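Report on the structure
Letter by letter, the chains look like this.
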Amino acid sequence: MARLDELRGSGKAKRHNARTIAALTGNPGCNRRAVLDAAGVDKLKLAETIGFPGSFGQSRFALSRGNAFEAMLKADDCELLRSVLGASDALLSYQDLGTDSDDTLSDRHSRTVSLLGSARAALIDHPLLTLDVAGQVVYLEPDLVAYAHQGRLQVVEIKSFAIVDGQAESAKVSAAAIQAATYVLALRQLLERLGMDPLLVDHEVVLVCPENFAMRPVAVRLDVRKQLATLRRQLSRLDGVGEIIDALPPGVTFDLNRPAEELTVALGHVAPRYAPECLSACELSTYCRHEASGTTSALGRPVREALGGIESVDEVLQLAAGTREPTPDQEEAAALLRQALRLRTEALS
């Protein structure tokens with residue numbers, strides 16, 4: 001823990017939330033992100049300090065639309081949401097745990113634990129869950145996360161992106177699924193601590209979105225077992241990030257009060273794993289893209305993996321042209337590159 005504090009420097013640890021935890025699964029092989037997240041470094045401010053700020057997060061329009069959609073669903077004790085979920089049973093009570101403004105986080109979490117432990121059928125609004133991430137206790141606040149359905153708890157995730165003709169943008173659905181899986185994992189761990197069966201929390205989550213660009217809601221079910229497995233692996237990897245940290249030179253720090261040149265040098269000690277998809281998931285991606293210029297990783301994971309570890313674009317071009325002798329590990333990739341160049345030349349001629 002002392003080493004993590006040293007890496008972070010004088011700033012407060014940046015707390016995770018469901019979105020940042022979900023983003024961890026997007027690039028599990030990136031040591032740089034693992035170290036910075038374990039230490040709680042504010043990556044957005046770090047990127048600004050070294051001169052690579054990026055626009056990150058939701059637009060104001062998306063936020064306001066999402067808030068309006070959620071408020072409409074929860075009006076009148078969630079009457080509209082009940083109808084969409086098929087949960088119109090009068091015995092299904094509505095519990096809003098976020099109405100007491102004097103509550104501390106620990107107070108609201110205790111109320112959540114008490115309510116879930118009683119196993120009463122209820123729609124639960126503003127519950128507060130916890131999850132351990134690299135030694136930090138992270139508080140998670142789902143939209144309206146759980147309701148008892150046929151004896152099981154289900155996570156309900158409200159999103160403002162549209163489902164058009166039964167289809168939605170795959171990247172947004174994927175992000176919603178991993179975020180909902182974070183809540184499922186936190187709920188299951190809570191039930192375990194209460195001595196209850198964690199499988200009472202369903203692996204199917206309910207995604208509620210506008211249908212066909214109108215504000216009329218529709219509910220779809222997503223199976224998040226795959227996302228749960230990925231999330232567990234990445235969280236366990238963060239717990240084992242100590243080996244990577246121990247290999248760093250003494251004195252390396254990402255203290256935001258240090259000069260930009262020092263921070264850039266410090267980043268160079270932690271290996272990144274940049275891919276174009278990082279631009280939508282990591283605050284430091286603009287810098288990593290600049291750093292990866294001229295490498296095969298900048299072209300995307302499929303290209304990097306197909307080339308079998310050839311890191312430089314210049315080296316790829318030389319192998320394709322036959323002006324560079326391949327190493328034994330590069331012979332197969334070099335043969336494919338020469339063939340690809342030959343076919344391209346024939347096609348253009």
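These numbers come from a predicted model, not from an experiment. (Residues numbered from 1 in each chain as written. Predicted model: local features only at pLDDT ≥ 70, side-chain atom pairs only at ≥ 80, totals over all residues. Heavy atoms only, no water.)

**Structural notes on the packing of helix α13 (residues 313-321) against helix α14 (residues 331-348)**
This is how it is decided: Each axis is a line fitted through C-alpha atoms, and for a helix only the stretch in contact is used; angles between axes span 0 to 180 degrees, taken between their N-to-C directions. The way it works is that DSSP assigns letters per residue, a run of H or I at least four long becomes a helix, a run of E at least two long becomes a strand, and they are numbered from the N terminus. In this scheme, roughly parallel covers angles under 35 degrees and roughly antiparallel covers those over 145, while 65 to 115 is roughly perpendicular and the rest are oblique. By the convention used here, residues are in contact when the closest approach between their heavy atoms is within 4.5 Å. In the scheme used here, Gly and all other residues not listed as nonpolar or charged are polar, with Ala, Val, Leu, Ile, Met, Phe, Trp, Tyr, Cys and Pro taken as nonpolar and Asp, Glu, Lys and Arg as charged.
Interaxial distance between α13 and α14 falls to 7 Å at its minimum, and their mutual angle equals 75°. With respect to their mutual orientation, α13 and α14 come out roughly perpendicular. On α14, the residues touching Val316, Leu319, Ala320 and Ala321 of α13 are Ala334, Leu337, Arg338 and Leu341. Per-class residue counts for the contact of α13 with α14 are 7 nonpolar, no polar and 1 charged.

**Focus: the state of the cysteines**
Note the cut-off: Two cysteine sulfurs form what is called a disulfide whenever their separation falls within 2.5 Å.
One pass over the structure, following the stated rule, counts 0 disulfides. Note on cysteine 288: no disulfide assigned, nearest cysteine sulfur contributed by cysteine 282 at a separation of 6.1 Å.

**Remarks on helix α5 (residues 60-85)**
Operational definition: Here a helix's expected span is defined as the number of its residues, less one, multiplied by 1.5 Å. Here the bend at a residue means the angle between the axes of two seven-residue stretches, the one that ends at it and the one that starts at it. Working definition: with a 1.4 Å probe on protein chains only, accessible area under 20% of the residue-type maximum means buried, over 50% means exposed, and in between means partly exposed.
Helix length check: α5, at 26 residues, gives a terminal C-alpha distance of 28 Å against a target of 38 Å (1.5 Å per residue), a shortfall beyond 12%. For α5, the principal kink sits at aspartate 77 and spans about 120°. Turning to α5, its buried residues are Gly66, Phe69, Glu70, Leu73, Lys74, Cys78, Leu81, Arg82 and Leu85. With its phi angle positive at about 70°, glycine 86 sits one or two positions after the end of α5.

**Things to note about the nonpolar core**
Inclusion rule: Buried residues of nine kinds, namely Ala, Val, Leu, Ile, Met, Phe, Trp, Tyr and Cys, make up a nonpolar core once their side-chain atoms join them within 4.5 Å.
Ranked by size, the top nonpolar core spans 40 residues in total, and within it Ile21, Leu140 and Leu235 carry the most contacts. Element by element, the count of residues in this core is highest for helix α7 (residues 170-193), at 12 residues. Sequence-distant contacts of leucine 140, defined by excluding residues within four places in its chain, comprise Asn17, Ala18, Ile21, Pro127, Leu128, Leu129, Leu131, Thr182, Tyr183 and Ala186. Within the second largest apolar cluster, 28 residues are counted, among which are Leu248, Ala266, Val270 and Cys282.

**Describing the packing of aromatic side chains**
Within a pair of aromatic rings, the relevant descriptors are the distance that separates the centres and the angle that separates the planes. Rule in force here: Between the rings of Phe, Tyr and Trp (Trp by its six-membered ring), a pair exists once the centres lie within 6.5 Å; its type follows the angle of the planes, with under 30 degrees stacked, over 60 edge-to-face, and the other angles tilted.
Counting across every chain of the model gives 1 aromatic pair. Taken together, a centroid distance of 5.4 Å and an interplanar angle of 70° make the contact between phenylalanine 52 and tyrosine 287 edge-to-face. In this pair, phenylalanine 52 sits in the loop between α4 (43-49) and α5 while tyrosine 287 sits in helix α11 (residues 285-291), placing the two residues 235 residues apart along the sequence. On the basis of relative accessible area, phenylalanine 52 is assigned to the partly exposed category, the value being 22%. In this structure tyrosine 287 comes out as buried when scored by relative accessible area, which is 6%.

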